[in-house]
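Here's the letter readout for the chains.
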Amino acid sequence: MAVDFEEWLDSVFFAGLEISVLSIPALVALLYATPRGPVSLAALTAIAVSTCAAATLRGGWVELGDWPRPGDPYTVPARSAYYSATIAVASYLGAAAHVALGVPAAGIAVSTGVSLAAMVALPRAIGGFRSLANRLRSETF
């Protein structure tokens, strides 16, 4: 399938908006994380990679499962927790690799790997959340 660059950029914009807004809890926590340089580099990498991966996967350019619609209100709490955890873990591990090895590229690589793995796993995680919510709803009523 040929990629329409403008369509992909549109998907990137909306994925970036969604990830940035829904990961605010992690971003606020990262304001207090140290060392600031490595944390900032790893966090920026996590946001950029997660955004591009989400846009590519949600847009159907790579098929890995059903992605929730950007405005799906039922999965907002789960997506907020998931995106926050992704950004926080990728930032922490990326900064730790950067500091331990003394090489910024190590932090970028680790943050990229964590972010990609998390975005690939998102459809399955949200599917599990939906399944659990449906089970709880059916037991309650």
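A short tour of the structure in this document, coming up. (Residues numbered from 1 in each chain as written. Predicted model: local features only at pLDDT ≥ 70, side-chain atom pairs only at ≥ 80, totals over all residues. Heavy atoms only, no water.)

## Some points on the packing of aromatic side chains
Worth spelling out the cut-off: Side-chain rings of Phe, Tyr and Trp, where Trp is taken by its six-membered ring, are said to pair if the distance between their centres is within 6.5 Å; with planes under 30 degrees apart they count as stacked, over 60 as edge-to-face, and otherwise as tilted. With a 1.4 Å probe rolled over the protein chains alone, any residue whose accessible area is under 20% of its type maximum counts as buried; one over 50% counts as exposed, and the rest are partly exposed.
Scanning the model with the defined rule gives two aromatic pairs in all. Taken together, a centroid distance of 4.9 Å and an interplanar angle of 80 degrees make the contact between F13 and F14 edge-to-face. Overall, F14 belongs to the partly exposed group, its relative accessible area being 42%.

## A word on the nonpolar core
Here is the rule we go by: Only buried Ala, Val, Leu, Ile, Met, Phe, Trp, Tyr and Cys residues count toward a nonpolar core, and they belong to the same one when joined by side-chain atoms within 4.5 Å. Secondary structure elements are defined from DSSP: runs of H or I of at least 4 residues count as helices, runs of E of at least 2 residues count as strands, and each element is numbered from the N terminus. Contacts: residue pairs with any heavy atoms within 4.5 Å of one another.
Counting residues in hydrophobic clusters, the biggest one holds 26 residues, and the most contacted among them are W67, Y83 and M119. Sorting the residues of this core by element identifies α1 (5–22), α2 (24–30), α3 (36–58), α4 (76–101) and α5 (104–140) as the ones contributing at least two each. In terms of residues, this core owes the most to one element, α3, which gives seven residues. Setting aside residues no more than four positions away along its own chain, W67 makes contact with A54, L57, R58, Y83, M119, L122 and P123.

## Topic: a nonpolar patch on the surface
Where we set the bar: Only residues above 30% relative accessible area that lack a salt bridge enter a patch, with like-charged residues linked at up to 9 Å and the nonpolar side chains Val, Leu, Ile, Met, Phe, Trp and Tyr linked at up to 5 Å. Exposure was quantified through the Shrake-Rupley algorithm and a 1.4 Å probe, taking into account, for residues, occlusion by the shown protein chains and nothing else. Salt bridge criterion: a side-chain nitrogen from Lys or Arg within 4 Å of a carboxyl oxygen from Asp or Glu.
Taken together, the side chains of F13, F14, L17, V21, I24, V28, L31 and Y32 define a hydrophobic patch exposed on the protein surface, amounting to about 830 Å² of accessible area. When residues of the nonpolar patch are traced back to their parent elements, those giving at least two are α1 and α2. For the nonpolar patch, the element with the most residues is α1, which contributes four residues. If you trace the backbone, L31 turns up in the loop between α2 and α3.

## Overview of the packing of α3 against α4
Selection criterion: Helix axes use the C-alpha atoms of the stretch in contact, all axes being lines fitted to C-alpha atoms, and the angles between their N-to-C directions lie in the range 0 to 180 degrees. Angles are sorted into four bins: roughly parallel if under 35 degrees, roughly antiparallel if over 145, roughly perpendicular if 65 to 115, and oblique for all others. Note on convention: near helix rotated counterclockwise from far helix by under a right angle means a left-handed crossing. Clockwise means right-handed.
Relative orientation of the contacting elements α3 and α4 amounts to 135 degrees, with a least axis distance of 8 Å. On the basis of the axis angle, α3 is oblique to α4. Between α3 and α4 lies a crossing of right-handed hand. Judged by residue contacts, P38, V39, L41, A42, A43, A46, I47, S50 and R58 of α3 engage R79, Y83, T86, I87, A90, S91, G94, A95, H98 and V99 from α4.

## As for the packing of α1 against α4
What describes two packed helices is the angle between their axes and the distance between those same axes. Rule in force here: In this classification, Asp, Glu, Lys and Arg are treated as charged, Ala, Val, Leu, Ile, Met, Phe, Trp, Tyr, Cys and Pro as nonpolar, and every other residue, Gly included, as polar.
Running from N to C, α1 and α4 cross one another at 85 degrees; their axes reach a closest spacing of 8 Å. The angle between the axes of α1 and α4 places the two elements in the roughly perpendicular class. Residue-level inspection shows E18, I19 and L22 of α1 in contact with α4, the latter providing V76, R79, S80, Y83, S84 and I87. Classifying every residue of the contact of α1 with α4 gives five nonpolar, two polar and two charged.

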